[in-house]
Amino acid sequence: MAVDTDAVNILLVDDEPANLLALSAVLDGPDRRLVSAESGKEALRHLLHEDFAVILLDVHMPGIDGFDTAELIRGREKTKDTPIIFLTAETRGQGFISRGYSLGAVDYIVKPFDPEALRAKVGVFVDLFRKTGEVKRQAAELSDMTNFLNSVLESATDYAITALDPEGRFLTWNEGARRIYGYTAEEMVGRRDLAALHSGNGDTAKKVGELLRMAARQGKSEGVVEHVRRGGRRVPVAATISRREDADGLSIGFVLVARDITAQQRAETQRLQLIEEQAARSEAEAARDRLQQVIDVLPEGIILVDVHGHAFLTNAAANEILGQNLTEDGIAPFGDVGMLHLDGTPYAQTELPLVRIVQQGEVVRGEQLQLPNATTERQVPVLVNGAPLRDQSGKLHGGVAVFQDISPIKELERQKDAFLAAASHDLKNPLTAIKARAQILQRQAARMPGQDGHRVIDGLRAIDQTATRLTAMINELLDVARLQMGRPLLLDRQPTDLAELARQVTAELQPSTDRHDIEIKAPPDPILGLWDRARLERVVSNLVSNAIKFSPEGGRVSLVVRGEERDGEPWVALEVHDEGVGIPAEDVPRIFERFYRGSNVAGAIEGTGLGLAGSRHIVEQHGGQLLVESQQGHGSVFTLLLPARAPALDEDAAPSDAQVVGAGAP
Amino acid sequence: MGYADPAAQTLSGVDPNEPVERLGAIVLVVDDDPEIRDVVRWLLEDEGWTVETASDGRDALERATRARPALIVLDMGLPILSGEEVAMRLHDIYVEPPPIIVVSADGRAGEKAARIGAASYLHKPFDVDTLARLVRRTLGSP
């Protein structure tokens with residue numbers, strides 16, 4: 001007997017081995033396995049271990065008979081449904097048969113049996129058993145699948161997965177749906193529909209409607225919609241809607257799968273922001289690069305600082321002049337690298353050009369100072385211009401300083417000054433020797449007896465006076481040279497009494513005219529200031545000479561000296577009035593120009609026109625002003641204004657009392 | 001003796017028997033121009049002073065250190081050490097340096113005198129009478 005694992009078991013129970021053999025012969029087949037038992041007891045033993053499609057049970061058996069055996073079989077849970085066919089030699093009345101049926105017999109077969117009928121009957125049970133097994137297996141598989149799907153539904157907590165009926169009511173509601181929307185299955189299933197997730201948001205309702213229609217038409221639709229969570233918070237979700245169909249292809253609703261994409265959207269927004277920021281940054285960097293390239297071409301050093309004085313942009317020239325890059329870390333703000341004034345005194349922090357620009361909004365123009373070069377440690381003279389930087393609203397947000405290395409200019413100035421000093425020295429030493437010798441010889445000659453002495457003295461005096469004239473000319477020439485070389489006069493400031501000076505000039509010039517009456521109005525007290533006495537003498541002398549010269553008819557020349565206050569500061573004024581020809585109005589603005597001469601005197605009155613220009617130069621070097629008022633035909637008034645408070649000399653070295661006795665050149 | 005009577009070298013005919021103590025009152029004349037040194041020596045010796053001369057700043061400082069002069073007539077435009085430097089160093093050498101008459105050709109004698117604390121000053125060219133008067137005012141009559 002071939003053993004097939006898929007073979008169906010049939011239990012044959014009969015106390016007659018011959019009967020068993022006969023049954024086996026009839027029923028044997030490749031799809032079945034025949035198990036024989038010669039007693040009810042043995043049958044029950046087999047039933048303990050195996051399932052049988054059908055039991056053929058002999059009713060008449062010694063010991064436990066067929067009915068008792070059937071009763072026992074029915075009494076056991078495992079076997080209570082196993083079909084039993086009783087085998088009997090006779091049918092002993094209705095009672096016998098009904099007992100068998102009451103014991104669960106499905107049929108009786110009376111011996112001697114018809115083999116075909118028996119095979120057919122057993123075949124039915126074999127088929128039945130096979131089909132039942134199939135159904136059971138399918139049921140188990142379905143159950144497994146259902147369990148699996150349920151566990152998937154409940155574990156997929158990132159996804160809301162719900163089934164909807166055709167009207168949109170929820171049929172299922174998983175854990176993911178609870179997490180995303182905040183509602184429980186009890187609240188939703190069978191009670192609410194998709195509208196619960198719109199909460200009056202028209203756009204969402206419209207979008208979901210479209211998705212449903214598309215799913216109904218095409219089977220599936222996808223889209224991003226904004227749902228509303230319990231409590232009102234909006235939740236963007238990626239939704240997939242699928243049409244559900246029954247076996248006949250009829251629509252029975254939808255499945256909605258939704259995923260919360262808040263985090264994803266946020267990440268996306270951030271990514272876009274990041275991209276925009278990077279784009280803006282690289283744009284700014286490109287602009288900055290261009291700016292850097294442009295300013296690197298400029299020969300002037302440029303420094304840009306923020307409100308805290310931190311340098312955020314410098315150019316190549318700035319780095320070269322400073323010997324370092326101020327934008328690097330650890331450098332003092334506001335370009336505070338140890339600046340000095342041109343005279344070598346250090347800048348106070350509050351004096352620094354960039355501090356004044358950034359903190360006071362000052363515009364710095366043409367300031368000269370010295371900067372140390374960090375590499376060479378040399379002081380570099382620079383010319384600084386600078387201004388605050390303001391945004392469109394006018395708010396100050398930094399400052400810019402532009403500076404130029406003026407070493408070559410300073411070197412040229414130094415060379416000019418050296419030349420002028422040498423010229424002065426070389427011209428005046430011989431004059432000194434000539435004058436001194438002439439004067440000493442006059443002393444000697446005075447001790448000589450007779451006429452000879454007088455003649456020698458006269459000659460020596462003439463030499464001395466000539467040397468004096470030459471000296472005056474050389475002094476003026478040197479001043480003109482300074483003026484033309486663009487160098488300031490080196491003023492010999494000393495305590496000077498302007499009233500006394502005016503009296504001296506008057507006394508010197510009065511003898512030169514007998515047609516003019518030179519008078520002087522001055523307070524009895526000295527009019528003092530720290531001025532260059534010799535040069536002011538030249539100015540006053542020039543003004544008085546002009547007054548005489550330009551009033552050829554004679555008349556009064558008045559000098560007025562007085563102190564006055566201007567803007568709370570002490571000043572002094574010296575006026576020279578004449579009653580001469582005056583100056584035509586159109587010439588007034590130009591009379592201080594070099595070589596300019598009034599149209600009414602050019603050619604008529606001798607002069608070079610240098611005097612007034614030089615005089616104004618001297619006065620302006622003193623910080624003063626030389627003004628004129630004139631009416632043609634009625635004379636002129638020249639006014640010399642000087643600040644009485646001159647810039648202090650080095651006070652430590654200044655003499656503490658009035659011991660300094662002037663002895664200026666005559 | 002080597003220290004000659006100053007009067008004997010002058011044309012002034014000053015009394016050769018002048019008091020010995022005045023020989024201590026040396027006037028140091030410093031100028032790089034030999035003509036000027038010569039003419040100032042002549043003047044001051046004529047006035048009765050003992051005169052020493054120096055032609056540059058270092059020479060002046062050495063002489064002023066070796067024997068304290070009563071007065072220095074100091075030109076500002078000197079080689080090696082400028083007149084200003086000489087004056088400053090004298091302050092290091094002497095608690096109270098000898099008085100100085102500043103002489104300058106650059107027109108800034110007054111300012112320089114003020115800066116170094118000089119007794120007085122002269123612009124070149126100067127009048128010899130003025131120099132003689134300033135010396136007398138500083139040292140008294142010879």
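Attention in this report is confined to the structure presented alongside it. Here the structure is a predicted model, which is why all the values come from computation and not from measurement. (Residues numbered from 1 in each chain as written. Chains lettered and ligands numbered in written order. Predicted model: local features only at pLDDT ≥ 70, side-chain atom pairs only at ≥ 80, totals over all residues. Heavy atoms only, no water.)

1. Thoughts on the sheet that holds strand S13 (residues 379–390) of chain A
Residues and elements named next belong to chain A.
1) Next: Across the sheet, which stays open at both edges, the five strands sit in the order S11-S10-S14-S13-S12 with antiparallel pairing between neighbours. Each of the sheet's edge strands pairs with one partner strand only, and the pair in question is strand S11 (311–314) and strand S12 (364–372). Between one strand axis and the next, the sheet turns by 30° as a mean value, whatever way the strands run.
2) Next: Across six bridges, the pairing between strand S10 (residues 301–306) and strand S14 (residues 396–405) is antiparallel. Bridge pairing in S14 links leucine 304 to valine 400.
3) Next: Where helix H9 (residues 262–297) meets the sheet, it contacts S10 and S11, and its direction lies at approximately 55° from that of S11. (Pairing = 2+ DSSP bridges. Helix = DSSP H or I, 4+ residues; strand = E, 2+ residues; numbered from the N terminus. Axes fitted to C-alpha atoms, helices over the stretch in contact; angles between N-to-C directions. Contact = heavy atoms within 4.5 Å.)

2. Concerning the pairing of strand S20 (residues 625–631) of chain A
Residue and element names in this part refer to chain A.
1) Next: Pairing geometry for S20 and strand S21 (residues 635–643), over seven bridges, is antiparallel. Note that in S21 the partner of glutamate 629 across the bridge is valine 637.
2) Next: In textbook terms, the turn of a hairpin is the stretch between consecutive antiparallel strands, and for S20 and S21 this stretch comprises three residues, one of which, glycine 633, has a positive phi near 90°.

3. What about the packing of aromatic side chains?
Residues and elements named next belong to chain A.
1) Next: Per the stated rule, a full pass over the model turns up four aromatic pairs over all chains.
2) Next: Taken together, a centroid distance of 5.1 Å and an interplanar angle of 70° make the contact between phenylalanine 67 and phenylalanine 86 edge-to-face. Separated by 19 residues along the polypeptide, phenylalanine 67 in helix H3 (residues 66–75) and phenylalanine 86 in strand S4 (residues 84–88) bring together distant segments of the chain. No difference in accessibility class separates phenylalanine 67 from phenylalanine 86, as the two residues are buried.
3) Next: Among the aromatic residues, those joined into a cluster by ring pairs are Phe67, Phe86 and Tyr108.
4) Next: Above the plane of the ring of tyrosine 183 lies arginine 192, whose end atom (NZ or CZ) is 5.1 Å from the centre.
5) Next: Note that arginine 566 overlies the ring of tryptophan 571, its terminal NZ or CZ placed 4.6 Å from the centroid. (Phe/Tyr/Trp six-rings, centres within 6.5 Å; stacked < 30°, edge-to-face > 60°. Buried < 20%, exposed > 50% of the residue type's maximum accessible area, 1.4 Å probe, protein only. Lys NZ or Arg CZ within 6 Å of the ring centre and 35° of its normal.)

4. Overview of the interface of chain A and chain B
1) Next: Taken together, the contact pairs 35 residues of chain A with 42 residues of chain B.
2) Next: A combined buried area of about 3300 Å² lies between chain A and chain B, and 56% of that area is made up of carbon and sulfur atoms.
3) Next: In terms of surface lost to chain B, no three residues of chain A exceed Arg437, Ile440 and Arg443 of chain A, which account for 18% of the buried area on that side.
4) Next: Our count for the contact surface shared by chain A and chain B stands at seven salt bridges.
5) Next: The salt bridge partner of aspartate 127 of chain B is lysine 435 of chain A, with a shortest N-O separation of 3.8 Å.
6) Next: Our count for the chain A to chain B interface comes out at eleven residue pairs in polar contact (both at pLDDT 80 or more).
7) Next: Elements with a minimum of two residues in the side of chain A that touches chain B: helix H12 (407–446) and strand S15 (493–497) of chain A. (Buried area = accessible area lost by both parts, 1.4 Å probe. Salt bridge = Lys/Arg side-chain N within 4 Å of Asp/Glu carboxyl O. Polar contact = N/O pair within 3.5 Å; in protein donor to acceptor, adjacent residues only side chain to side chain.)

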